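One-letter residues, chain by chain:
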Amino acid sequence: MRTTMPEPILDFGRSVDSALQRAGGIGLARDAEADYAAADLALKALSQVGMYDIDPRDDLDSAAAAAELCRVAGAQAAPCPVVGIILRDPADKPFALVSDECPIIDHAAAAPLWRAATLSGDVYEARVVQRTGSNLSPFAMKVGLTRLDDEPASPQDVQLALALSAFQLLGTGQQALELAIKHTREREQFGRPLSGFQVIRHSVADLSVGLEGLALLCRFALWQIFTGSSDALPDALAAKHEAQRVVRNVLRMSQQFHGAAGLADEYDISVLARHAQPALRLPTDMTTTLGHLRAAIEERGFEGLYAPEHAHRAALTTGEAR
Amino acid sequence: MSLHDTGQEVAGETETGLDDLAQEVRKWCAVRDATGWAARMAAADPQARADLQREWFLRLAEQGYAYPHWPAAWGGGRSRAEQLVIARELIRGGAPRLDLHFVALYHAAATLIVAGTPEQRETHLPAIRTGRRWCQGFSEPEAGSDLASLRCRAVPAEGGYRVTGHKTWSTGAAHADMCLLLARTGGPGRAGISYFLLDLASPGVEVRPIRNASGQEEFCEIFCNDVFVPEESRVGAENEGWRIANATLSEERGLTMLERSEEMATGMQHLVRLVAGLAPGSREEGLRILGRYSERVEAFRLLVARVLDASVEGADVAAASILKLVYSELLQDISDAGLSLAGLDGHVDGTSWTGTWQSGHWFADYLGSWEWTIGGGANDVLRNVVGERVLGLPRGGTR
C-alpha cells in the first residue's frame, strides 16, 4: 500500500476544496439550516468538479478520488449526502447504510427514494418519515424501510460506504484540528497565545497524531477493498470505528480550546461539530460498530498489514539475518 | 462529617422531620403538576418560556422551595439536609429547571449577603424573591480564562461611574433585569477591578443574543456605552472586586453543586432504565458502564458534602473548583455513555430544552453537558487552581 495519496488525487482534492470554499464553505451548512436551498449550492459545486462522474466501484484510483472528495466535503461540512450520492444505484437512488431497528439517514430529504442496506447486507427501499428534530444533527431524518427481495447488497458497496464515511469524518477531524491550531495561535490569554501553554500544545499534538493514524487506516481499508486477499469488511469497520473514536475526541477538544466560542454557531467549530454527528453515529454508534467489528473478525479474521504469512516470513528473515 | 458517619448521614437522612418534608414536597409537586410544567416549557418559545419560568418560580417561592439556602432573615434558613430533600424531591417530581433565575438565586444572592450593604440587600433580595432576574457580566471577548485582564472601564463621575465596555457569554442576559458587573476602576490586573450591580434598563446598555449549538439563544453579549452606574451600586470598596468575585463564586459553586449532585443521583435512573432495556448481548457492557458511573456519582455526592462541611467556616475556593471539575466531566461522560447506549433511538427526539441537565433525552442532555466544562471557570483554569492552591505547586504561566 502507498502511504500517501497519488498527486493527481491530491490535486483533485484541492479543486474540490476551492469549489466548496467558493460556494460558501462551512457557511453553507449554517445557511442550509435556515434555508435548505443552500444545500443545492454545495451540490452544484461538487457536480462541477465531477462528483457525478466518479464511480468508486471501478478501481482503486476511482475509489481514492471518491475518498478524497468525501474527505474534503467532511472538512467543509458540505450539507449534502456525498457518500450516498457517490454510491447511488443505476436508477440514481442514493445509497445509505442503515440500522433496521431505528433507520436514520443524514440528508435523507435530498432524494425521494433511497436504496438502503444493513451491515449484514439486507436491502431496503427507504423514504423520509420525519426529521429527528435535533440541533445536533439538523438534517438527519428518520426513514421508513420497505424490504426488497433483491440480492443482498454487494459487499463492496457496504465496505465502500463505511470507508468513504470514515474519510468524510477524517476531513472533519482535520478541519477541527486546523481550527484549533488557528484559534490557539491567535487567542491570547495571560499575555501569550494559548498555544504557548504546554498543556495545550501537548493536547494538540495528541490530536494530530490520532488523525495521522486514522488517515493511514482509512487508506489501508480502501486498498484492502480492492487488492486485499481476504474480505475487507473488518478493515472497513475498523476504519469507521477509529474515525468515530478519534474525530469525536478531536471535535470535543477543539471546542474546549475555543471556550464558549466553541459552542456558539457564529464560529465554524460549533457548526462543524453539530453537522458531523450523523457521520459519527450512523449507521451505528461507536459501541455498536465495535460489536460489529468483533463479530466480523471472529467470522472472517483480520489480516491487517502483517498477515500471519507475512509475519512468518518476517520472522524467518530475521532468523536468517541472525 | 467524621469517619464514623455513614453515607446516609452525610446525605442528611437521619435528621428528624425529613420524611415529612419529603412527603410534603412530593405532594406539592403532584398538585402543582411539576411534570406538566416542564413539558410546557419545552414546547414554549423563548419569551413564553421565560414567562413560564417566572410563574413557576413564584409558586416555588410562595411555598418556600425557591431559596431554602438563603439565611432565615431573608426567607430561607433551611438546614442543609432540608435543602437536599427539597432539591431531590423537586427533581424527582419532574419540576422544571429554572436556569433564568439561577444567577439571581445563587450568585447575586451570595454577593449581596456576603459583601453587600444593608441597603443593597434591602433593595435587591426582596426583588429577587418576586422574580427579578440577574445575569453575570464577567467575561469579555479578550478576557475569558484570563478574567483579570478585563478592559470594561468604570470612570468616576458625579454621584457614581460611567461604564464603557463589552461583556460576552452572559447566560440569560436577554431575559435579565440586573447584571453582576466587573469593571476596571484602577490599574492593570486583579487589583484594579471593582464590582457593580448594573441595572440593564440603564440608558446605553445593549444586549445581543448569540445562537448556540443547542439552537437556543442563552448566551448574550452586553455592550455598555457610557452607562451611568450610581456609587451605591458598587459592591465593596473600589478595586476590591476581584476578592469579592472570588468569595461569592465559591459560595455559589458549593451550594449549586448540592442541587446538581442530587440531580445527578436521580438522573442515574435514566441510565438504569436504558441498561434494563438492552438486548442480552449488550447487557454486560451496559452493567459495566452503570457500575462505573454509579461509583463516580456516589463519590461526587460525598465530595459535595465534604466541601460544604468545610465551607461552614468560610468558603474554600479551591475545594469548590474541584466540585465543578468533577461534576462537569462526569456529566459529559454519563450523557455520552447514555447516548451511546440508547443507540439511534436516542436521536429521534426533538426536545432541545429539558427540565433538568439529565432527563433521559440523550441528545439534548449530551449537548447540554458541553458547556459545563467551560462556563463558570473553564476546567483548564480550575485545574490550575487545584494545582496551585490545593497542591501548592508553583504558579505557572497564568499571570
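Keep in mind that this is a model prediction, so the values were computed, not measured. (Residues numbered from 1 in each chain as written. Chains lettered and ligands numbered in written order. Predicted model: local features only at pLDDT ≥ 70, side-chain atom pairs only at ≥ 80, totals over all residues. Heavy atoms only, no water.)

Right, let's talk about the domain arrangement of chain B for a bit. All names here are of chain B. Partitioning chain B into structural domains gives domain 1 (7-95), domain 2 (113-239) and domain 3 (243-390). On a C-alpha basis, the centroid separation for the pair domain 1 and domain 2 is 29 Å. Summing both sides of the interface, domain 1 and domain 2 together bury roughly 1100 Å²; the carbon and sulfur share of this comes to 60%. It is Arg-54, Trp-70 and Trp-74 that lose the most area in domain 1 upon contact with domain 2, and together they represent 54% of the buried surface on that side. The interface formed by domain 1 and domain 2 contains zero salt bridges. Viewed at the interface, domain 2 and domain 1 are joined by three residue pairs in polar contact (both at pLDDT 80 or more). Tallied by class, the residues present in the side of domain 1 that touches domain 2 amount to nine nonpolar, three polar and two charged. (Domains from an automatic or database assignment. Buried area = accessible area lost by both parts, 1.4 Å probe. Salt bridge = Lys/Arg side-chain N within 4 Å of Asp/Glu carboxyl O. Polar contact = N/O pair within 3.5 Å; in protein donor to acceptor, adjacent residues only side chain to side chain. Nonpolar A, V, L, I, M, F, W, Y, C, P; charged D, E, K, R; others polar.)

What follows is about the interface of chain A and chain B. Contact residues are listed per partner, giving 40 residues for chain A and 39 residues for chain B. Counting the surface lost from both chain A and chain B, the interface buries some 3300 Å², and carbon and sulfur atoms represent 56% of this. A per-residue breakdown of the area chain A buries against chain B is headed by A:Phe190, A:Gln256 and A:Leu263, which together make up 21% of the total. Here chain A is connected to chain B by four salt bridges. Between A:Arg248 and B:Asp336 there is a salt bridge, and its shortest N-O distance comes to 3.0 Å. (Contact = heavy atoms within 4.5 Å.)

Looking now at the packing of aromatic side chains. By the definition in use, this model includes 15 aromatic pairs over all chains. Taking 5.1 Å as the distance between ring centres and 45° as the angle between the ring planes, the aromatic pair formed by B:Trp37 and B:Trp56 counts as tilted. Highlighted residues: B:Trp37 in helix 3 (residues 34-43) and B:Trp56 in helix 4 (residues 46-63), separated in sequence by 19 residues. A relative accessible area of 4% means that B:Trp37 is categorised as buried. When its relative accessible area of 0% is taken as the criterion, B:Trp56 is described as buried. Grouping aromatic residues by their ring pairs yields a cluster made of B:Trp28, B:Trp37, B:Trp56 and B:Tyr65. Note that A:Arg281 overlies the ring of B:Tyr366, its terminal NZ or CZ placed 5.0 Å from the centroid. One Lys or Arg, B:Arg40, reaches over the ring of B:Trp37 and ends 4.7 Å from the middle of that ring. (Phe/Tyr/Trp six-rings, centres within 6.5 Å; stacked < 30°, edge-to-face > 60°. Helix = DSSP H or I, 4+ residues; strand = E, 2+ residues; numbered from the N terminus. Buried < 20%, exposed > 50% of the residue type's maximum accessible area, 1.4 Å probe, protein only. Lys NZ or Arg CZ within 6 Å of the ring centre and 35° of its normal.)

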